[in-house]
Amino acid sequence: MLIFSLPFLFVVLKARIQQLQSDVIVDVQHAKVQFVKASKSGTGASSGNSPKNVSGERTEVPKAGQTSCKGGGQTGKGGGKDASASKSRWMEKLSQEKKTKTKKLKQKLGLEDKPVKSSKGKLMLPGTSHKTISTKAGIKTASTAKKSKTLKNQEHTVAAAKQEHTMAAAPVAAANVPIRKAKGKGKALKEMAPELSEARNRSEELAELERKAEAKARELAEVEELERKLSQWAVSASPELVQDNSEARVYGDVQRSVRCYLEACVFCGDIDRAHHFLLSHHRMVSRRNLLNIGLYNIMMRVWAKKVINFELMSRVDIRQNIHIHVFIHQKHTRPCSIRVRPCCLFQRDLLAVQRLVWHKALVGALRESRMILSSGTQKAVKLSLYPYLCLLDEKDYVDIMIQSLSNLPPSGESLHILAKELGNRVHNKFCIRMKEHNQIVDKLSHIYNEYTELLAKDSKEFDVLPRERWWKLEAEHSSGPSLLGDETHWPHMVVVELGTYLVDLMVKHMKVNSDILNSAYDRKLIPVLYHMYTFRSNKQVGFIKPHPILTQMQQDAMDTTLTFDSYVMPMLCPPVPWTSAKFGAYLLTPTKMMRAVEGANQHEILLEKCQDADLHAVLDSLNQLGNTAWRINQPLLDIIISIFNDKGSEKLDVPPPNSEAPKIPRYNQQDSVTFTSAEKAHLKREVVNAKKKCSEMHSLRMDALYKLSIANHMRDEVFWFPHNMDFRGRTYPCPPYFNHLGSDVTRAVLVFAEGKPLGPGGLDWLKVHLVNLTGLKKRSSLAGRLEYANSIMDDILDSADNPLNGKKWWQNADEPWQTLACCMEIANAVRSPDPTHFISHFPVHQDGSCNGLQHYAALGRDVIGATSVNLIPCEVPQDVYSGVAQQVEEFRARDAEKGLKIAQVLEGFISRKVVKQTVMTVVYGVTRYGGRLQIEKRLKEIDDFPKEYVWDASHYLVHQVFSSLKEMFTGTREIQDWLTESARLIAKSGSTVEWVTPLGLPIIQPYHRSRTQMVRVNDTVKQKNAFPPNFIHSLDSTHMMLTALYCYSAGLTFVSVHDCFWTHAITVDTMNKVCREQFVALHSQPILQELSNFLLKKYCSGLLTLTLVPKPLLRCLGCVLRVVNLLEGEPSPPD
Amino acid sequence: YGKCSACKARPTLKQPASPCSPRVLLQRRTFSLDSLSSGPGRPQPQQARTDRASPSSAPTHRNLSAVAVSVQDQSRPLGRYDFLDLGEVEENTQRAQLCRTIRRFIIDPALAKLVTHHLGPDLEDSKAAIFECNPGPGVLTRTLLNAGAQRVVTLEGDKSFLPDLQALECLLDGQLEVVHCDFFKLDPMGRGSMRPPAMYSDKLFTDLGISEANWTDEVPVKVVGMFPQRIERSQLWKLLYVLFDRLSIYRYGRVELNLFISEKEYLKLMAKPGDMLNYRAFGALWQMACHIELLHKEPWASFVTSSKNKLAIPKSRLPNDNLCLVRMTPRKDLFSSSLTPSNAATLVMMVKQCLAKRKARLVDRLNMWSPDSGPKLLKEMGMQEDVLTGHVYPMEYKQLFELVDKSQEFTQSWLYEEVLENTQKEGWI
């Protein structure tokens, strides 16, 4: 074997020296630590110093293997067989690997491993030492194994099968320890050997020993793998583990933090720390209860992986892989951050220089503080931050810190939020790293490329869903690591703690010269950030404030680049389809399918519990929304940017720069002497208002800068928005800044990447859409709107041709930018030779008219109500707000006649506008209190209205609005009351309100008041009040998803902004048809009955007897609603 | 007043916390009354609890004109020296309990007497007006008048009590004024509609004909009453802000507060440096601004509550068995050449920032304001370099601020501008 491999060895040696180098360093460190320990623990053995030979070691190891096989039970045996089958192949590879390594070690270690030498030098005599060592190793194995056995015996009372696996697992890990040790010592030894040839002989000997041992280890690893699977089944089979009683959750939290800690340790190569940590937990009975099998498995896997990694490396040249990685990243995912050129450019580089200084300071500080952390904490059971600080390069941490600076508003940010942000960014980066590390990226790129090819090839066929396609591909590539990865989301505490640590570094080590901007000041090194406190209703909140110098610098030297994490950008390739609740959207950045409030993990548990098939419809609709490709409407973007770079325009919703902000009045002591106290108070108030205005303007400006910069960056690209949803199933695009849910400006800039001809009715739809966007003609029929559009064609064309210099008709619209975009599209279409063949990329919106009320009206079979929200055919679109206003006016007139003062005062002031917001939000649970505030605001906007009556009038009006709604929607109130009452009973009994949407999505209300970190208390009031609106929202989202799915099968492009649906002009009619059909289909189901059944089954099975029958709602379900105008109402008001 | 400054009080004020201190705690009111009545300098003849309802025992030096026994059913005009009848305890209790807002009342005549006693020996001669907050059925009001108070202004927030009080007002010769106003809603922070009981202080004072006074003048107004329990702390903060800024009621001089606050809040108010848990900016600032004197402790049970269920006695780690009648008299020497109402907000801000964490080193906090000047300042103050913020006395903070204010380095500090922003969060305007 030696003869065979030597020539090969030398060839490989050169090529791979670099990779192995790093690997070796890790190894050596490890060896070092073990070494010291061995000399401690093995004192008893070494005194005897009876030279055991290598064969002794050999016999020892198989024993350990056998024990583990027994422990593993039947599956273990199976695993053993498999292992022996592949044994010869592994051996061959291993031997090559080892030889390469030892060869190289000879060259390397002489320089590298000084500490080992010095520490052990006295003890070792060159000739005999390796035997001594292996002896010790052997003894250690035995002792560890013994120890674990005794533990096993103790544990027997606990008795669960799982536990036994765990215990069996321990010896396996133990068996691995000596192997590593032996190897490490071998290296140390070789380095000391005077003659090279002798050393080589020994190393061959050692290598052989290692090879065998590792083959064993590999075998064990496979056994372990099987065990793991078994344990997973065990876990999933025992439902009590996932029950949401608080005790289990507490355990869950602890387990999660322990697990994350171990994973972090393992990832950064600090296996010893992990090992130590687990063992010390294990030794304390109180803490042992907190461990679960998964935690032991992490350690098992590590030891096993150590061996496997050599295997993988010898099979594939890793450098090639790296190339592939880079390629994928650049092309598809851009792993961590993106530099975007913002719309406005300035020149100064003062900030850039400062950044370099800070960077250096922070790297130094991080290194130092990490060193301090690393020493001393080893033995503690306490979780230390240390491993979390070793996951990335120092540079990466510092980059994250410095980037966060540019997002810091001048008025500061609460420490908690800042820390959370930093912690999350580290976590994201770590997850990506981990995927690279685990070779997932390779596999992913493979599958992804095939997936996109398929997607591109048969885009015209819709018989296979993206999810199914992906599944098929994944099944084809079943070997290798699971794509799911097994990273755990870090517990909130860890994220915040890590973030706080980083913020603390920033506060302490980022300094600037005080005279940097104004040389008149004395030069002093002052901190850039300050940790202060603000006080909010007697609570003190930690706050990080930037020094005004920093703010000034940032404003002066407006960066030429903005750096974004890749996941805030739209994707440049189609998102990965959601195939389960855990996997989808971005390629590398971990994304949750369901957004959750921090610390709330009930959703995840619930989603994990539910059958995969139940979620398919939901997954598919998310995929469909995410698969819509977008492009930038370039001419419009240019106009907006030109205004943005000029002075902005508040009227057009383009935020002006800070230079336009009001000057903050100076308030100084000299002047104030002459002021009366009233004047002083007034002045103070003015200063406060000016400051508030400034910081508002700043944040608006920055927000617009981000959006426009991203749009500008995407100018020539086709891009996608991956989607996820909130706990009620409402869908949202993942990228936060720039997406189609945004303001008028961002919506106007987006068009579909795919173009479709306008067809016969398309142009008319464009025109109707235009009128809808203006907010005019709300009460006209579609024909009326179209007619109106035709009558103002001159204005439309003028707007399109001279947007900034013409008559500016578009600027007075409700949604000016979208109106302008629509004008341009119409102009282009009209001027094309044949408008029906004009290829349009323009999305036409269809808004629901007060969706919440529509669902209530349909649920309650309210005829009047249904008519007023366009569920029943009418010639003219109905307007529920006008209807309510009319009804209120009637009540008012009656009261005025009776002589009610306030009713008389209100004469002539009741309009649609006054009641609109309240009507809209009543469905979503607005209270009288909130409603009164809304109306008060509206009344104050009316100049003529006498101010002294505002309070009384708003009080009166909100009452009237509620009663008119009750009159118009008789069923609505009853349903709301029933829902509220049910939720109250459920919450009072200590449970959380849960239900399942008609599409099978399980929903749980995440309202808890957390008293401490561990204990969460059900927030009864919130559970109760939020149930009706949440339930309606979930119905609404169900309807949207149904529409999305049916539009997909009809080949439509479909996008939703909650209750506003977008599609191409040619397909509007089809979409409307689908939408109506699905609405009817949805409400033909006995929704309330099913909800009632579900609640009864879930909550009333035990002692609990609640009245959960919707008495008033069991009306005749025979009458199927004729939904006609569902989508032809006016544009929906902004949320 | 003024004989017991916060500074002087500090060594002794720990005592009230221990329930067995005989000096301050009066175990039973009957007992306390007896002990007080037997004491020297008691201005009024003793009136035993048993004969309190009898008008015949009215003292001869009454300077009141007339009043009815119970105003609503009888309007028998009384002679000049007639004693105001306090009404039946039962009846007063019932009326208090009918009140729609949740609050506590002084119904017990003996308690009312005790409060009156503490308001000073010179009620007849004092020129200071007495503002009585939320008198309810008016037991204390009548007691005050009986004791010879020259000018009582009742600020009643609940409309239902107004008619009775107004009737009383009519019967008297200007000693009593009744205003529909809630003292604790003066100069509200929100922008809601300004209608009674919310009110601007300048309107109240102008209507009453009280004009602005110098800070060093005698106390123009004594306020007596009880903090609404739910907003105790925020009210104390609000008053503190207006005090340091000399706004609201403090525009009219050094208004003296004689208010019942919960024992726990009192103990926090008077916490000493070194008590790292309870020594907070709130207490430090009050001690800095006022002489604080504990006049009396009264068990919670002695007060009548309008709703029993909803007004649970707040739990606390500190003892909280009593309501404490506390007198807070603004110090004459609070403002000086370096501390003025216009920069006092900065002082408030400084103390708040420093005491947010009591175990922080003072030098670090100061360095944050102006780098490197912390050690210098501490040296000037004669303090240890490593002194913790929680070990610094209120007066030392004041001195520190005066030094800070003089130093050129600090006036450059941007934190000076922070003050305005922060007060807005408190919303005191």
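Residues numbered from 1 in each chain as written. Chains lettered and ligands numbered in written order. Predicted model: local features only at pLDDT ≥ 70, side-chain atom pairs only at ≥ 80, totals over all residues. Heavy atoms only, no water.

S.K.: Looking at this model, I keep getting lost on the overall build of chain A. Mind explaining?
M.R.: Broken down by element type, chain A carries 41 helices and 23 strands. Every one of the 1135 residues in chain A was classed for burial, and the buried ones make up 55%. Of the roughly 49,500 Å² of accessible surface on chain A, a fraction of 55% belongs to carbon and sulfur atoms. (Helix = DSSP H or I, 4+ residues; strand = E, 2+ residues; numbered from the N terminus. Buried < 20%, exposed > 50% of the residue type's maximum accessible area, 1.4 Å probe, protein only. Areas by Shrake-Rupley, 256 points an atom, 1.4 Å probe, with all protein chains shown as cover.)

S.K.: Just to check I follow, could you spell out the overall build of chain B for this structure?
M.R.: Summing up its helical and strand segments, chain B has 16 helices and nine strands in all. Taken over 429 residues, chain B has a buried fraction of 61%. Surface summary for chain B: the accessible area is close to 17,800 Å², and the carbon and sulfur share equals 51%.

S.K.: What is the right way to read the packing of helix α38 (residues 970-988) of chain A against helix α41 (residues 1087-1099) of chain A from this model?
M.R.: For any two helices packed against each other, one specifies the inter-axial angle together with the distance between the axes. Residues and elements named next belong to chain A. Where α38 contacts α41, the axes come no closer than 12 Å and their chain directions differ by 10°. As summarised for this structure, α38 and α41 are arranged roughly parallel, according to the angle between their axes. Residue-level contacts link Ile-975, Trp-978, Leu-979, Ser-982 and Ile-986 of α38 to Leu-1088, Leu-1091, Ser-1092, Leu-1095 and Tyr-1099 of α41. For the contact of α38 with α41, the per-class residue count stands at eight nonpolar, two polar and no charged. (Axes fitted to C-alpha atoms, helices over the stretch in contact; angles between N-to-C directions. Parallel < 35°, antiparallel > 145°, perpendicular 65-115°, else oblique. Contact = heavy atoms within 4.5 Å. Nonpolar A, V, L, I, M, F, W, Y, C, P; charged D, E, K, R; others polar.)

S.K.: Where do I start with the sheet that holds strand β10 (residues 629-632) of chain A in this structure?
M.R.: To summarise the sheet geometry, strands pair through backbone hydrogen bonds and adopt either a parallel or an antiparallel arrangement. All names here are of chain A. Taken in spatial order, the three strands of this open sheet run β11-β10-β14, and their pairing is antiparallel. Because the sheet does not close on itself, it has two edges, and the strands there are β11 (719-720) and β14 (750-752). The pairing of β10 with β11 spans two bridges and is classified as antiparallel. Among the inter-strand pairings, Ala-629 is bridged to a residue of β11, identified as Trp-720. (Pairing = 2+ DSSP bridges.)

S.K.: Sorry if this is basic, but what is going on with helix α3 (residues 89-98) of chain B here?
M.R.: For the α-helix, the turn length of 3.6 residues means that residues three or four positions removed from each other point alike. Residue and element names in this part refer to chain B. Looking at α3, one finds that the buried residues are Asn-92, Thr-93, Arg-95 and Ala-96. Around the axis of α3, the buried residues are gathered within 165° of arc, so they sit on the same side. More than 90 degrees from the buried face of α3, the exposed residues found are Glu-90, Gln-94 and Leu-98. As for α3, its buried residues are in contact with β1 (104-105), α5 (139-146), α6 (162-171) and β8 (304-305). (Arc of directions from axis to C-beta.)

S.K.: How should unusual backbone geometry be read in this particular structure?
M.R.: Across residues other than glycine, the phi torsion is negative in most instances, and most of the peptide bonds are trans. All names here are of chain B. For Arg-246, which is not a glycine, the phi torsion comes out positive at approximately 55°. Mapped onto the secondary structure, Arg-246 falls in the loop between α8 (232-245) and β6 (256-262). Classification of Arg-246 as buried rests on a relative accessible area of 18%. Its identity as a non-glycine residue notwithstanding, Ser-248 has a phi of 50°, on the positive side. Take Ser-248: it is sitting in the loop between α8 and β6. Looking at Ser-248, the relative accessible area reads 11%, which means it is buried.

S.K.: I'm lost on the packing of aromatic side chains in this one. Help?
M.R.: Two aromatic rings, taken as a pair, are described by how far apart their centres are and by the angle between their planes. Residues and elements named next belong to chain A. Scanning the model with the defined rule gives 28 aromatic pairs over all chains in all. Three or more aromatic residues link up through ring pairs in this structure, and these residues are Trp-630, Phe-719, Phe-721, Phe-738, Phe-752 and Trp-1062. Residue placement shows Arg-701 over the ring face of Phe-644; its charged tip is 3.7 Å from the ring centre. For the cation-ring pair, Lys-916 lies above Tyr-881, with the distance from its terminal atom to the ring centre recorded as 5.4 Å. (Phe/Tyr/Trp six-rings, centres within 6.5 Å; stacked < 30°, edge-to-face > 60°. Lys NZ or Arg CZ within 6 Å of the ring centre and 35° of its normal.)

S.K.: Is there a simple way to think about the UniProt feature "binding site: S-adenosyl-L-methionine" (unreviewed entry) in chain B in this case?
M.R.: Residue and element names in this part refer to chain B. Per the UniProt record, the feature "binding site: S-adenosyl-L-methionine" (unreviewed entry) sits at Ile-106, Glu-156 and Asp-182. Structurally, the position occupied by Ile-106 is in the loop between β1 and α4 (109-118). Those residues within four positions of Ile-106 in sequence are excluded, and the remaining contacts are Leu-111, Ala-112, Val-115, Val-139, Leu-140, Met-226, Phe-260 and Phe-303. Tracing the chain through its elements places Glu-156 in strand β3 (residues 152-156). With relative accessibility at 0%, the residue Glu-156 sits in the buried group. (UniProt positions renumbered as here; feature names shortened; annotations may be inferred.)

S.K.: Even after reading the chapter, I still don't get the pattern of salt bridges, so can you show me in this structure?
M.R.: Where charged atoms from two side chains of opposite charge come close, those side chains can pair. Residue and element names in this part refer to chain A. Under the counting rule described, the total for this entry stands at 35 salt bridges over all chains. The shortest N-O distance in the salt bridge between Arg-730 and Asp-1036 comes to 3.5 Å. In this pair, Arg-730 is assigned in the loop between β12 (723-725) and β13 (731-733) and Asp-1036 in helix α39 (residues 1020-1049), connecting sequence segments 306 residues apart. The burial state of Arg-730 is the same as that of Asp-1036; both residues are buried. Here Lys-913 ties to Glu-941 by a salt bridge, and the two come within 3.9 Å at their closest N and O atoms. Residue Lys-913 is located in helix α35 (residues 912-922), and its partner Glu-941 is located in helix α36 (residues 928-941); the two are separated by 28 residues in the primary sequence. One continuous salt-bridge network, built from bridges that share partners, spans Lys-395, Asp-396, Asp-399, Lys-429 and Arg-433. (Salt bridge = Lys/Arg side-chain N within 4 Å of Asp/Glu carboxyl O.)

S.K.: Please explain the nonpolar core as it appears in this structure.
M.R.: The biggest cluster of nonpolar side chains holds 140 residues, and the ones touching the most others in it are Phe-131, Trp-286 and Tyr-397 of chain B. Split by domain, this core shows at least three residues from each of two domains, domain 1 (89-330) and domain 2 (343-426) of chain B. If near-sequence neighbours (up to four positions away) are discounted, Tyr-397 of chain B is found in contact with Tyr-279, Met-288, Leu-347, Met-350, Val-351, Cys-354, Leu-355, Leu-362, Thr-389 and Val-392 of chain B. Among the nonpolar cores identified, the runner-up in size contains 108 residues, and Val-441, Met-594, Cys-1047 and Phe-1054 of chain A belong to it. (Core = buried A, V, L, I, M, F, W, Y, C linked by side-chain atoms within 4.5 Å. Domains from an automatic or database assignment.)

S.K.: For this particular structure, what's the right way to read the pairing of strand β9 (residues 322-330) of chain B?
M.R.: Looking along a regular strand, one sees side chains alternate from face to face of the sheet. Residues and elements named next belong to chain B. Of all nine residues making up β9, nine are buried, and the element is well covered by its neighbours. Both faces of β9 are covered, namely the face carrying Asn-322, Cys-324, Val-326, Met-328 and Pro-330 and the face carrying Leu-323, Leu-325, Arg-327 and Thr-329. Inspection of the sheet shows β6 paired to β9 by six bridges, in the antiparallel sense. Bridge pairing links Ile-261 to Cys-324 in β9. Alignment of strand β7 (residues 290-299) against β9, held across nine bridges, turns out to be antiparallel. In the sheet register, Glu-298 faces β9, and the bridge partner there is Leu-323.

S.K.: Where do I start with the confidence of the model for chain A in this structure?
M.R.: Do not read the predicted coordinates in detail wherever pLDDT is low. For chain A, the mean per-residue pLDDT works out to 70, and 62% of the residues sit at or above 70. Contacts of residues 229-248 of chain A to residues separated by more than four positions or lying in other chains number 15 contacts, the stretch itself having pLDDT below 50. (pLDDT = per-residue confidence, 0-100.)

S.K.: It is not clear to me how the sheet that holds β7 of chain B should be interpreted in this structure. Could you clarify?
M.R.: Residues and elements named next belong to chain B. Strand order in the open sheet formed by seven strands is β4-β3-β2-β5-β6-β9-β7, and the pairing between neighbours is mixed. Two strands close off the open sheet at either side, each with one partner strand: β4 (176-180) and β7. For this sheet the average axis-to-axis angle between neighbouring strands, irrespective of direction, equals 20°. With respect to the sheet, helix α10 (residues 281-289) is in contact with β6, β7 and β9, its orientation differing from that of β7 by roughly 115°.

S.K.: Teacher, can you tell me more about the environment of Asn-790 of chain A here?
M.R.: Residues and elements named next belong to chain A. Here Asn-790 shows up in helix α28 (residues 782-791). Residue class for Asn-790 comes out partly exposed when judged on its relative accessible area of 39%. Placed 22 residues apart in sequence, Asn-790 and Val-768 show a C-alpha to C-alpha distance of 9.7 Å.

S.K.: Even after reading the chapter, I still don't get the packing of helix α31 (residues 851-860) of chain A against α38 of chain A, so can you show me in this structure?
M.R.: Residues and elements named next belong to chain A. The interhelical angle for the contact between α31 and α38, taken along N-to-C directions, is 95°, at an axis separation of 8 Å. Considering the angle they form, α31 stands roughly perpendicular to α38. The residues of α38 that touch α31, namely those facing Tyr-856, Ala-857, Leu-859 and Gly-860, are Gly-971, Thr-972, Ile-975, Gln-976 and Leu-979. Within the contact of α31 with α38, the residues separate by chemical class into five nonpolar, four polar and no charged.

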